[in-house]
Amino acid sequence: MIRFYLLAVLLAVLLAVASSVQAATWEHNAKPNIVIIMADDMGFDDVSFRGSNEFLTPNIDALAYSGVILNNLYTPSMCTPSRAALLTGKYPLNTGMQHYVLVNDQPWSLPVNETTMAEIFQQNGYFTSLIGKWHLGMSRKAYTPTFRGFDQHYGYLGAYVGYYDQTLDQGNANYSRGHDFRDNLKPVCDRNGTYVTDLLTEAAVQRIQRHNYHKKPLFMLLSHLAPHAGNDEDPLQAPEAEIAKFSYIKDERRRKYAAMVSKLDESVGQVVEALSLKGILNNTILLFLSDNGGPSVGMHSTTASNYPLRGQKHSPWEGGLRSSAAIWSTQLEKLGTIWKQKIYIADFLPTLAAAANIHLDLEALRIDGLNLWPSLKYGYESVEREIMHNIDEIFNYEVYAKGKWKFVNGSTVEGRYDGWLSQRPNDSSQIDPRFGHYEELVKDSATWKHLHSINGDKPLDLMEQRRQAEVKCAYNNSSDTVPCNPLESPCLFDLDVDPCEQNNLYEKYKNSTIFANILERLAYFREHAHPINNRPADYRCNPADFNYEWTWWEDILEGNGVARIQLNLNYFELLGLTGLLLALRHILV
C-alpha cells in the first residue's frame, strides 16, 4: 500500500514537472501576441509624455516611458488612408486610397485584391480581432472586416458614431439617422446608452480573457472612436463624472475633449491589466498610436492640439502627419528609451510580421513598408527613410520626405489649415492639478504596475524622457526665417532643425541635386500611382430602407436574398413562421 502511494506521488510529481516544462516550452516557442491600440484623431500634444500639463494621460505615458517612444512616426493625414496604409503596408497612393476619406454613403472600399495585415496573420496561425472602427468600405458585404482577414469584428463599419447611441446622422443628404454597431455581421442594439469607449474596452478585455492562447496567438486591433467627434449636434461626449475632473479647464469644449482622452487613457490601462492577469503580457507586443493628427478647427473639430507643429488633420503639415506613439515588448533590448528613427505607419506590417517570424512574399505583396524590426529591437537609428506622403491630383497638392528633407507643394482646403493652430495655455490655473505629483501618478497607473512587474525596477528618469520627447521650434521669435505659402510656390524644410516648418529653404536649394532627386522621385510615384478609388454618393443607401441600419446596401438591392434575410431576421422572428413565408415569397417575387 505504501509502495503504491509513493508511486502515485512520484507520478504526480513527474506529471507536474512535465506540465511545467511543457508550459515553459510553449511560452518560449510561442509567436508573440500583438495588440495595437489606435486612437482616432488624437492631437500630437494631447498625451502628456510630450510635455503638456493641461491634462494628464498616466497610462499612455507609462507605456511610453516603460517601452520605446516612437518619436518620429508618420501617418497619412486622414482616417481612411491611414487605416489602409496600416493594413496593406502600402502608401495610399499605391492602393487608390489617397484622396479623402470614405463617406458612409459611397460605394467603394479598400480594393479587395489587396492583402491585409489581418489576412497575413490569420494565414500564419493567428486569431485576428478588430474591435471598433473599420472605415474601409461597407456598401458590399465583401468589403467588411470578416471578409478581409478578421475572425472577429465588434464595432462599427463607417466613419464614426455617437458615443452613446452608436448611430451616425450623415447631414449632407436627406438620410435618416442610421445605427452602425455590429458583432461580426449581426447588429448590436442592446447597448444603447453605454459609452462607446467603455463598450469597446469591455469587448477587448473579454477577448483577451476568453481567448485560448495555446491554440492560437492573438492579433488584436483595438480601433477606438475616441477622441474623434461624434454627430454634429453633440460632437464632444463623455460621462459627466469624467468631465467634472477637468473643471479647471475654462473652455467647455476642451474640457469635454480632455474627458474623452482620459477615458481612452483608462482603456489602455484596462487592456494592459487584462493581458497581465491572463499571464500573456510577457509574450505580447503592445503598440499605441493615433491614426493621424487632431482637428483643431474646421470639420469635426474637437479642440485637439498638435502643438507646436504646423497644421492639423487633413493638411500636408507635421500636425496632420506626425503621430504620438509608443511600443512595448520584452523582445526590445532598449526599453525606456526614445527611438528617433523615422518610421511610417505602413512599416508596421513587415515589422510586426518579422517580430512574429512570419515570412512575407515581398514580390507578391509589393509593399512600401520597411521591416524595421531589427533596428527597433536593438535601438538602431540608421535608416534614411523615404516617405511618399501623398500626391492628390484632385486637391492638387503633393508631400514627400526623405531623411531630414520634406517637400510640400500645394495644400488642402485652400490653405485654411496651413498655420500653427494650437497653443498651450499660459494660465497656470489651466494646469492639471495632479501635475504636482506627476511621477507618482504615472507609477500608480495600472499600466506602469503591470509592465514593471515584468520589466523589473530599472531606474528611469521620467522627467528627462519627457523633456527629450517634447518638440521645440528652432525659430521662435526669429526674423531670419523665410515664410512658406505652398499655394504660391513650393516649400522645402530641413526637419532635423526645423520640425515646426517655419523656414522655407526652397529658394536656397531649388537648383541643387537634393531638389532634383526629390522631383525625380515625385515623377516616379506619380507615374505608378493607383487610380483614385473614390466614388460619388449612392443615395440608395438610406438607412430608413434597411431597418435604420447602415449596411451593405449594394448587395441587398441587387437581389441578394440571403443578405435581406439576415438583415431582417429579428423582424421575421416577430412575424412568426407565416410572416416569414410571406416575406420570403415577397423577396423571391
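For clarity, every value in this text was computed on a predicted model and none was experimentally measured.

(A) Seen up close, helix α13 (residues 446–455). Restricting attention to buried positions, one finds in α13 the residues Thr 447, Trp 448, His 450, Leu 451 and His 452. Buried-residue contacts for α13 involve α2 (58–66), α7 (252–278), β11 (322–328), α12 (438–443) and α14 (462–469). Note on α13: the residue one or two positions beyond its end, Gly 456, has a positive phi of about 85°.

(B) Representation of a negative patch on the surface in the model. Together, Glu 439, Glu 440, Asp 444 and Asp 461 make up a region of like negative charge exposed at the surface. Take Glu 440: it is sitting in helix α12.

(C) Local environment of the environment of Arg 83. Within the fold, Arg 83 resides in helix α3 (residues 79–88). Overall, Arg 83 belongs to the buried group, its relative accessible area being 3%. Taking the C-alpha atoms as reference, Arg 83 lies 7.1 Å from Asp 291; in sequence the two are 208 residues apart. When sequence neighbours within four positions are dropped, the list of residues in contact with Arg 83 reads Met 38, Asp 40, Lys 133, Trp 134, His 135, Leu 136, Ser 223 and Asp 291.

(D) Inspection of the nonpolar core at higher detail. One finds Ile 36, Leu 70, Met 117, Phe 121, Phe 288, Leu 289 and Phe 348 to be the most contacted residues of the largest nonpolar core, which totals 157 residues. Here the element with the most residues in this core is α7; it accounts for eleven residues. Aside from chain neighbours lying at most four places away, what touches Met 117 is Ile 36, Leu 86, Leu 87, Phe 219, Phe 348 and Leu 349.

(E) Just the state of the cysteines, in detail. Evaluated as defined, the whole model comprises two disulfides. Bridging Cys 473 to Cys 500, the disulfide has an S-S length of 2.0 Å. Because the torsion about its S-S bond is -85°, the bridge between Cys 473 and Cys 500 counts as left-handed. One end of the pair, Cys 473, is in the loop between α14 and β16 (491–494); the other, Cys 500, is in the loop between β16 and α15 (506–509), with 27 residues separating them in the sequence. When its relative accessible area of 0% is taken as the criterion, Cys 500 is described as buried. The connectivity of the disulfides in the chain is 1-4, 2-3, where the numbers refer to bonded cysteines in sequence order.

(F) Broad picture of the sheet that holds strand β13 (residues 386–392). Reading across from one edge, β13-β14-β15-β16 is the order of the four strands in this open sheet, with antiparallel pairing throughout. Each edge of the open sheet is held by one strand with a lone partner, namely β13 and β16. Between one strand and the next, the sheet's axes are offset by a mean angle of 10°, whatever the strand orientation. One ladder, built from four bridges, connects strand β15 (residues 405–409) with β16; its direction is antiparallel. Its bridge partner lying in β16, Phe 407 is registered against Leu 492. Strands in contact with helix α16 (residues 513–528) are β13, β14 (397–402), β15 and β16; relative to β13, the strand with the most contacts, it is inclined by about 60°.

Reading guide: rules and limits
- Residues numbered from 1 in each chain as written.
- Predicted model: local features only at pLDDT ≥ 70, side-chain atom pairs only at ≥ 80, totals over all residues.
- Heavy atoms only, no water.
- Buried < 20%, exposed > 50% of the residue type's maximum accessible area, 1.4 Å probe, protein only.
- Helix = DSSP H or I, 4+ residues; strand = E, 2+ residues; numbered from the N terminus.
- Contact = heavy atoms within 4.5 Å.
- Patch = residues over 30% accessible without salt bridge, like charges linked within 9 Å, V, L, I, M, F, W, Y side chains within 5 Å.
- Areas by Shrake-Rupley, 256 points an atom, 1.4 Å probe, with all protein chains shown as cover.
- Salt bridge = Lys/Arg side-chain N within 4 Å of Asp/Glu carboxyl O.
- Lys, Arg positive; Asp, Glu negative; His and termini not counted.
- Charge placed at Lys NZ, Arg CZ, Asp CG, Glu CD.
- Core = buried A, V, L, I, M, F, W, Y, C linked by side-chain atoms within 4.5 Å.
- Disulfide = S-S within 2.5 Å.
- Pairing = 2+ DSSP bridges.
- Axes fitted to C-alpha atoms, helices over the stretch in contact; angles between N-to-C directions.

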